[in-house]
Amino acid sequence: MTEKEKSLKKIKTYIDSHLQEELDLDKVAKEAGYSKYHLERLFTKHYGCTLTKYIREERLKAAAIQLAFTNTSILEIAFGACYESQQAFTLAFKRLYQVSPGIYRNNIRQAVRNSVFCTVFRLGSERRLTA
């Protein structure tokens, strides 16, 4: 692994562990020891997306997990993902996942209920067949 690759991996790790904080390009570049322009070029070339896009999508992935597995309000999740409003969060979420956060949460919960029901139903049927 080259020094650049090690440095980029370190930056990615830094970003991943600071997603709930304000992460601007200047702050990340300072942490990397590069100018923000050089870091942006390196990151884009190596990972195929801009640093800003990577940060936004990682925050939205973390938000999607929270929506699916917690009862935290959408507003709290939006603020935790560093959005200034629920509306801005909803627009960004919908752009990435093609569905609003509320519908996403409902769809995930419905899918889980259906799969749990199907599993219990199948297990019950198997028990009746073997009894």
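Scroll up to find the structure.
This report concerns the structure included in the present document. (Residues numbered from 1 in each chain as written. Predicted model: local features only at pLDDT ≥ 70, side-chain atom pairs only at ≥ 80, totals over all residues. Heavy atoms only, no water.)

**Focus on the overall build of the chain**
Secondary structure assignment for the chain yields 7 helices and 0 strands. Per-residue burial over the chain gives 29% buried out of 131 residues. Contacts spanning at least 24 positions in sequence make up 52% of the contacts within the chain whose residues lie at least 6 apart. Just so you have it, the chain exposes about 8,800 Å², and 56% of that area is on carbon and sulfur atoms. (Helix = DSSP H or I, 4+ residues; strand = E, 2+ residues; numbered from the N terminus. Buried < 20%, exposed > 50% of the residue type's maximum accessible area, 1.4 Å probe, protein only. Contact = heavy atoms within 4.5 Å. Areas by Shrake-Rupley, 256 points an atom, 1.4 Å probe, with all protein chains shown as cover.)

**A word on the packing of aromatic side chains**
One pass over the structure, following the stated rule, counts 7 aromatic pairs. When the ring of phenylalanine 43 is compared with that of tyrosine 47, the centres are 4.7 Å apart and the planes differ by 45°; the resulting orientation is tilted. Taken together, the residues phenylalanine 43 and tyrosine 47, both in helix H3 (residues 36-47) and 4 residues apart, mark about one turn of the helix. Taken together through their ring pairs, the aromatic side chains of Tyr83, Phe89, Phe93, Tyr97 and Tyr104 make up a single cluster. (Phe/Tyr/Trp six-rings, centres within 6.5 Å; stacked < 30°, edge-to-face > 60°.)

**Here's the deal with the pattern of salt bridges**
Counted according to the given criterion, the structure contains 5 salt bridges. Between glutamate 58 and lysine 61 there is a salt bridge; the shortest N-O distance is 2.8 Å. Here glutamate 58 pairs with lysine 61, and both are found in helix H4 (residues 51-69), just 3 residues apart, close to one helical turn. On the basis of relative accessibility, which here comes to 42%, the residue lysine 61 falls in the partly exposed class. (Salt bridge = Lys/Arg side-chain N within 4 Å of Asp/Glu carboxyl O.)

**Considering the packing of helix H2 (residues 25-32) against H3**
Packing of H2 against H3 leaves a shortest axis separation of 9 Å and a crossing angle of 85°. Comparing the axis directions of H2 and H3 gives the class roughly perpendicular. From H2, Leu25, Asp26, Val28, Ala29 and Ala32 reach across to H3, where they touch Lys36, Leu39 and Glu40. In the contact of H2 with H3, the residues fall into 5 nonpolar, no polar and 3 charged. (Axes fitted to C-alpha atoms, helices over the stretch in contact; angles between N-to-C directions. Parallel < 35°, antiparallel > 145°, perpendicular 65-115°, else oblique. Nonpolar A, V, L, I, M, F, W, Y, C, P; charged D, E, K, R; others polar.)

**Let's talk about the packing of H3 against H4**
One way to put it is that H3 packs onto H4 with a least axis distance of 8 Å and a crossing angle of 65°. As judged from the angle between their axes, H3 and H4 are roughly perpendicular. Within the contact between the two elements, H3 uses Leu39, Glu40 and Phe43 and H4 uses Leu51, Thr52 and Tyr54. Here the contact of H3 with H4 is composed, by residue class, of 4 nonpolar, 1 polar and 1 charged.

**With respect to the layout of surface pockets**
Here the largest pocket defines a volume of roughly 190 Å³. Leu23, Asp24, Leu25, Leu51, Thr52, Ile55, Arg56, Arg59, Ala81, Cys82 and Tyr83 together form the lining of the largest pocket. In terms of residue count, the dominant contributor to the lining of the largest pocket is H4 (5 residues). (1 Å grid on protein atoms, 1.4 Å probe; cavity = no way out; pocket = protein on both sides within 12 Å on 5 of 7 lines; lining within 4 Å. Points joined across faces, edges and corners; volume = space filled by probe spheres on them.)

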